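A structural walkthrough
If you want the building blocks of each chain, they are given just below.
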Amino acid sequence: MRIAFLGLGHMGLPMARNLASAGHEVVGFDVFQGAMDAAAQGGLPVAESGPAAVTTARAEIVITMFQSGAQVLDAYRGVDGAQGLLDVAVPGTLFIDSSTIAVDEARAAHALAEAAGHRSLDAPVSGGVVGAENATLAFMVGGSDDDFETARPVLEAMGRRIVHCGGAGLGQAAKVCNNMILAVSQIAVAEAFVLGERLGLSHQALFDVASNASGQCWALTTNCPVPGPVPTSPANRDYQPGFAGALMSKDLGLAEHAIVSTGVEAQMGMLARRIYQGFADGPGAGQDFSGIINTIRAESD
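Conventions and cut-offs
- Residues numbered from 1 in each chain as written.
- Predicted model: local features only at pLDDT ≥ 70, side-chain atom pairs only at ≥ 80, totals over all residues.
- Heavy atoms only, no water.
- Phe/Tyr/Trp six-rings, centres within 6.5 Å; stacked < 30°, edge-to-face > 60°.
- Helix = DSSP H or I, 4+ residues; strand = E, 2+ residues; numbered from the N terminus.
- Buried < 20%, exposed > 50% of the residue type's maximum accessible area, 1.4 Å probe, protein only.
- Salt bridge = Lys/Arg side-chain N within 4 Å of Asp/Glu carboxyl O.
- Polar contact = N/O pair within 3.5 Å; in protein donor to acceptor, adjacent residues only side chain to side chain.
- Contact = heavy atoms within 4.5 Å.
- Axes fitted to C-alpha atoms, helices over the stretch in contact; angles between N-to-C directions.
- Parallel < 35°, antiparallel > 145°, perpendicular 65-115°, else oblique.
- Left-handed = near helix turned anticlockwise from the far one by under 90°.
- Nonpolar A, V, L, I, M, F, W, Y, C, P; charged D, E, K, R; others polar.
- Lys, Arg positive; Asp, Glu negative; His and termini not counted.

**Concerning the packing of aromatic side chains**
According to the stated counting rule, one finds four aromatic pairs in the structure shown. A centroid spacing of 5.2 Å and a plane angle of 65 degrees characterise the contact between tyrosine 76 and phenylalanine 95, whose relative ring orientation is edge-to-face. Here tyrosine 76, found in helix 4 (residues 69-77), pairs with phenylalanine 95, found in strand 4 (residues 94-97); they are 19 residues apart in sequence, far enough to count as distant. A single burial state applies to tyrosine 76 and to phenylalanine 95, both of which are buried. Each ring, one from phenylalanine 243 and one from phenylalanine 289, has its centre 5.7 Å from the other, and the planes form 80 degrees; the classification is edge-to-face. In this pair, phenylalanine 243 sits in the loop between helix 11 (218-221) and helix 12 (245-262) while phenylalanine 289 sits in the loop between helix 13 (267-281) and helix 14 (292-300), placing the two residues 46 residues apart along the sequence. Accessibility assignment for this pair places phenylalanine 243 and phenylalanine 289 in one class, buried.

This is the structure:
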């Protein structure tokens, strides 16, 4: 298919490359020149603007991978009198937003697209940079059944697990709930390892027990926060992300917004938000979110 891919950062560029490798015709754009240069050097065609990417590609599908909901909405409708993506796209174009944004922002994007005569899906991802590079991402998709089936082969070129979560905005709802679980479990695993250290328990012994008992979880068996037991975890490369603490803090901010707006009593989610906000404001901005263990160690001294 003919695809315009907007947002060629650490996640977006490998996703776009995987689409091109699968035989799709892809034209990219990013507001940062360094990302544009990296894309062009890797052989991915780029355009001078987002709308130009849509028209140059004669796009049937437009994929956005941005940092915020405001950026998505501005790109869709244009700012300061400039044409937006919705203005230049051929009627009936399928817009897929893979950014992680608030549920209400995702629903606003759906409404804008539909009002302009287009189709729309929210399709945030899980799996980090490694998943983007290896085409093993998980996609959580919100939108109509027909639009989901149209998008499925495109998403399958970038991911391994594609789940239709329901109507508009429910992909983002699934993402915010999933990442709240992940944050809480990563903190719990980190606290358990620090406690084990103080009790004289080796990292390997704790891992061998918990990974085969009721403490088993992704935060332990894939993202183990101490070097050794899981050689591929970020702890073995000085906590280089993976998934940075700043991004986890951002996602938990979206969870906080959802918790407050729905009135849910989510004490663990709100506590995780405060913990990761402090981590991101300090040493964790550029570290993997599993580096929270070092903050727990420091605060335990």
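Now, onward.
**A word on the pattern of salt bridges**
The tally for this structure, following the rule as stated, stands at seven salt bridges. A salt bridge links arginine 77 to aspartate 74; the shortest N-O distance between them is 3.6 Å. Residue arginine 77 and its partner aspartate 74 are located together in helix 4, separated by three residues, close to a single helical turn. The closest approach of N and O atoms between arginine 297 and glutamate 197, which form a salt bridge, is 2.7 Å. You can see arginine 297 sitting in helix 14 and its partner glutamate 197 sitting in helix 9 (residues 170-199), a full 100 residues away along the chain. Taking relative accessible area as the criterion, glutamate 197 reaches 25% and is therefore assigned partly exposed.

**A look at the side chain of histidine 24**
Of note, histidine 24 is situated in the loop between helix 1 (12-21) and strand 2 (25-29). Histidine 24 gets classed as buried once you look at its relative accessible area, which sits at 15%. In this structure the side chain of histidine 24 is engaged in a polar contact, spanning 2.9 Å, whose partner is the backbone nitrogen of methionine 1. Other than its neighbours up to four places away in sequence, histidine 24 contacts Met1, Ile3, Leu19, Pro153, Val154 and Ala157.

**Focus: unusual backbone geometry**
One non-glycine residue, alanine 135, adopts positive backbone phi at about 55 degrees. Topologically, alanine 135 is positioned in the loop between helix 7 (128-134) and strand 7 (137-142). Look at aspartate 238: it is not a glycine, yet its phi comes out positive at around 60 degrees. Turning to its location among the elements, aspartate 238 is positioned in the loop between helix 11 and helix 12. For aspartate 238, a relative accessible area of 64% translates into the label exposed.

**Some thoughts on the packing of helix 9 against helix 13**
Running from amino to carboxyl end, helix 9 crosses helix 13 at an angle of 70 degrees, the nearest separation of the two axes being 9 Å. Judged by the inter-axis angle, helix 9 sits roughly perpendicular to helix 13. For helix 9 against helix 13, the interelement crossing comes out left-handed. Residues Met180, Ala183, Val184, Gln186 and Ile187 of helix 9 form the contact with helix 13, whose participating residues are Met268, Gly269, Ala272, Ile275 and Tyr276. In the contact of helix 9 with helix 13, the residues fall into eight nonpolar, two polar and no charged.

**Considering the environment of glycine 84**
Considering the arrangement of structural elements, one finds glycine 84 in the loop between helix 4 and helix 5 (85-88). The class for glycine 84 is buried, based on a relative accessible area of 0%. The sequence separation of glycine 84 and methionine 15 amounts to 69 residues, and the corresponding C-alpha distance is 23 Å. Setting aside its immediate chain neighbours within four residues, glycine 84 contacts Pro51, Ala75, Tyr76, Arg77 and Gly78.

**A closer look at the side chain of aspartate 30**
Among the structural elements, aspartate 30 can be located in the loop between strand 2 and helix 2 (33-41). Put simply, aspartate 30 is tucked away with no salt bridge, and the nearest opposite charge, on arginine 17, sits 12 Å away. A polar contact is formed between the side chain of aspartate 30 and the backbone nitrogen of leucine 8, at a distance of 2.6 Å. A distance of 2.8 Å separates a polar atom in the side chain of aspartate 30 from the backbone nitrogen of phenylalanine 32. Contact partners of aspartate 30, with chain neighbours within four places excluded, come to Gly7, Leu8, Gly9, Ala35 and Met36.

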